[in-house]
Amino acid sequence: MYLLTMNPFLSLAAIIPAVFLLVKIYKSDEMEKEPKGLIVSLVILGIISTSIAVLLETAGSAVLGKIFEEGSLLYRIFMYFGVVACSEEFSKYVLLKKRTWNSPHFNCRFDGVVYAASVSLGFALWENVGYVSAYGFSVALMRAVTAVPGHACFGVFMGAWYGLAKACENSGNYAAGKHAKMMTLLTPILLHGTYDFIATSESTFFTLIFFVFVALMYIYSVSKVKMLSRNDYYIR
C-alpha cells in the first residue's frame, strides 16, 4: 500500500539501502550461492514478520502500560528489550526457522548468515518504507546509515549462531546445538534492545554513545561476515 502511493524517488530511497546490504551479504557467500528464489522468499517472510511484530508489540505495550509508569526507566527497559526487541527478533526467527531449518540448501554454516540477514533486511525494508512515506527523504537518509544497517547487523549475529546450531545438530552435538539456538535469539534481542534504548534517550551524552555503539556494531558485523565466509564449511 505504501509503495503504491509513495513518490517513486522516495520509494527508491527507502528500498535501496536494504537491497544494497542484501546483495553485499549474498555475494559474501563464496562456497555455494543460495537459490535466488529462496532469498526472495525469505525477504518476503521478513516483510510478513513486521505484521506479527506489530501485533505482539501492541499487546505487550498494553500490558506494560498497566504495570509501569510510561516514560519511567523500568518502563523503557521493558519496552525496548522485552516488548520491541523480543517481538521483532522472535517474529523474524520463527519464520526464518520455519522456512530454512529443514531445507536441503542449508548445507553450509555461512548459509545461516545469508538466511537470517535476508529476513532481517526484508523486515528493515518494509519498516523503512513506512517511515519514509510518513516523514520524507531526510528520514530515509538517517535510516540508511542507522536502522537499516542495524537490522542487517542483528541478522548477522542471529545467522552466525543459527548456522552454528545447524552444524552442531548435524554432527550430533545436541547440547551445543541447543545453546547455539538460544543465542540465535538472545544475541539479536540484546543488541536490538540496546540500540533502541540508547537511540531514544534524549541527551547529548547518549547521542554520542549511540553513534559509538552503532559504529562498533557495524565494524564487528563486517569482520564477522568476512571471517565466517572465509572459514565456511559444509555441514551435511
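Please refer to the structure higher up on the page.
Quick caveat: nothing in here was measured; it's all calculated off a predicted structure.

Asker: I keep staring at a positive patch on the surface and nothing clicks. Help me out?
Answerer: A contiguous patch of positive charge on the surface is contributed by Lys 24, Lys 27, Lys 33, Lys 36, Lys 226 and Arg 230. Secondary-structure elements contributing two or more residues to the positive patch are helix H2 (8–27) and helix H9 (204–230). Along the polypeptide, Lys 24 turns up in helix H2.

Asker: What am I meant to see in H2 here?
Answerer: Given 3.6 residues per helical turn, the α-helix brings residues three or four places apart onto the same face. For H2, built from 20 residues, the straight-helix expectation of 28 Å at 1.5 Å per residue is met to within 8% by its first-to-last C-alpha distance of 27 Å. Considered for burial, the residues of H2 that qualify are Leu 10, Ser 11, Ala 13, Ala 14, Pro 17, Ala 18, Leu 22, Ile 25 and Tyr 26.

Asker: When you look at the pattern of salt bridges in this model, what are you seeing that I'm missing?
Answerer: Under the counting rule described, the total for this entry stands at three salt bridges. Ionic pairing is found between Glu 127 and Arg 143, a salt bridge with its closest N-O pair at 2.9 Å. Of the two residues, Glu 127 is situated in helix H5 (residues 111–135) and Arg 143 in helix H6 (residues 137–145); the sequence distance between them amounts to 16 residues. Residue class for Glu 127 comes out buried when judged on its relative accessible area of 19%. Among the residues examined, Arg 143 registers a relative accessible area of 11% and is labelled buried. In this structure, the salt-bridge partner of Glu 169 is Lys 181, at a minimum N-O distance of 3.0 Å. Taken as a pair, Glu 169 in helix H7 (residues 147–170) and Lys 181 in helix H8 (residues 174–199) lie far apart in primary sequence, twelve residues in all. Overall, the relative accessible area of 22% leaves Glu 169 in the partly exposed class.

Asker: Can you walk me through the environment of Ser 103 in this structure?
Answerer: Here Ser 103 shows up in the loop between helix H4 (73–100) and H5. Distance from Ser 103 to Leu 38, taken between C-alpha atoms, is 9.7 Å for residues 65 residues apart in sequence.

Asker: Can you walk me through H7 in this structure?
Answerer: Between its first and last C-alpha, H7 extends 34 Å over 24 residues, near the 34 Å set by a 1.5 Å rise per residue. In terms of residue burial, H7 counts as a mostly covered element, since 20 of its 24 residues are buried. Phi for Gly 172, located one or two positions after H7, is positive at around 90 degrees.

Asker: Explain the side chain of Asp 111 to me, please; I cannot follow it from the model alone.
Answerer: Along the chain, Asp 111 falls in helix H5. We classify Asp 111 as buried; its relative accessible area is 0%. In this structure the side chain of Asp 111 is engaged in a polar contact, spanning 3.1 Å, whose partner is the backbone nitrogen of Asn 107. Asp 111 has contacts with Asp 29, Glu 32, Glu 34, His 105 and Phe 106, leaving out every residue within four places of it along the chain.

Asker: Help me understand the nonpolar core, please; the structure alone is not making it clear to me.
Answerer: As a rule of thumb, nonpolar side chains are buried together in soluble globular proteins. Counting 25 residues, the largest nonpolar core has Ile 25, Phe 110, Val 113, Val 114 and Leu 121 as its most contacted members. Looking at this core, the elements that each hand over two or more residues are H2, helix H3 (36–65), H5, H7 and H9. Once residues within four sequence positions are removed from consideration, Phe 110 is found in contact with Ile 25, Ser 28, Asp 29, Val 225, Leu 228, Ser 229 and Asp 232. Tyr 93, Trp 101, Phe 106 and Val 119 belong to the second largest nonpolar core, which has 20 residues in total.

Asker: Mind showing me how you'd approach the packing of aromatic side chains here?
Answerer: The geometry of an aromatic ring pair is captured by the separation of the ring centres together with the interplanar angle, meaning the angle of the planes. One pass over the full model with this rule turns up 14 aromatic pairs. Ring centres of Phe 81 and Phe 197 lie 6.4 Å apart, and the angle between their planes is 40 degrees; on these two criteria the pair is classed as tilted. Here Phe 81, found in helix H4, pairs with Phe 197, found in helix H8; they are 116 residues apart in sequence, far enough to count as distant. Given the relative accessible area of 24%, Phe 81 is considered partly exposed. Pairing Tyr 93 with Tyr 162 gives two aromatic rings, centres 6.4 Å apart and planes at 85 degrees, and the pair type is edge-to-face.

Asker: Sorry if this is basic, but what is going on with the layout of surface pockets here?
Answerer: Taking a probe equal in size to a water molecule and rolling it over the atoms shows the remaining empty space. Taken as a whole, the largest pocket encloses approximately 550 Å³ of empty space. In this structure, the largest pocket is lined by 25 residues; those nearest its centre are Arg 143, Ala 147, Tyr 195, Asp 196 and Ala 199. Going through the elements one at a time, H4, H5, H6, H7, H8 and H9 are the ones with two or more residues in the lining of the largest pocket. Per element, the largest residue contribution to the lining of the largest pocket is five residues, and it comes from H8. Its residues assigned to classes, the lining of the largest pocket shows 13 nonpolar, seven polar and five charged.

Analysis parameters
- Residues numbered from 1 in each chain as written.
- Predicted model: local features only at pLDDT ≥ 70, side-chain atom pairs only at ≥ 80, totals over all residues.
- Heavy atoms only, no water.
- Patch = residues over 30% accessible without salt bridge, like charges linked within 9 Å, V, L, I, M, F, W, Y side chains within 5 Å.
- Areas by Shrake-Rupley, 256 points an atom, 1.4 Å probe, with all protein chains shown as cover.
- Salt bridge = Lys/Arg side-chain N within 4 Å of Asp/Glu carboxyl O.
- Lys, Arg positive; Asp, Glu negative; His and termini not counted.
- Charge placed at Lys NZ, Arg CZ, Asp CG, Glu CD.
- Helix = DSSP H or I, 4+ residues; strand = E, 2+ residues; numbered from the N terminus.
- Expected span 1.5 Å × (residues − 1).
- Buried < 20%, exposed > 50% of the residue type's maximum accessible area, 1.4 Å probe, protein only.
- Polar contact = N/O pair within 3.5 Å; in protein donor to acceptor, adjacent residues only side chain to side chain.
- Contact = heavy atoms within 4.5 Å.
- Core = buried A, V, L, I, M, F, W, Y, C linked by side-chain atoms within 4.5 Å.
- Phe/Tyr/Trp six-rings, centres within 6.5 Å; stacked < 30°, edge-to-face > 60°.
- 1 Å grid on protein atoms, 1.4 Å probe; cavity = no way out; pocket = protein on both sides within 12 Å on 5 of 7 lines; lining within 4 Å.
- Points joined across faces, edges and corners; volume = space filled by probe spheres on them.
- Nonpolar A, V, L, I, M, F, W, Y, C, P; charged D, E, K, R; others polar.

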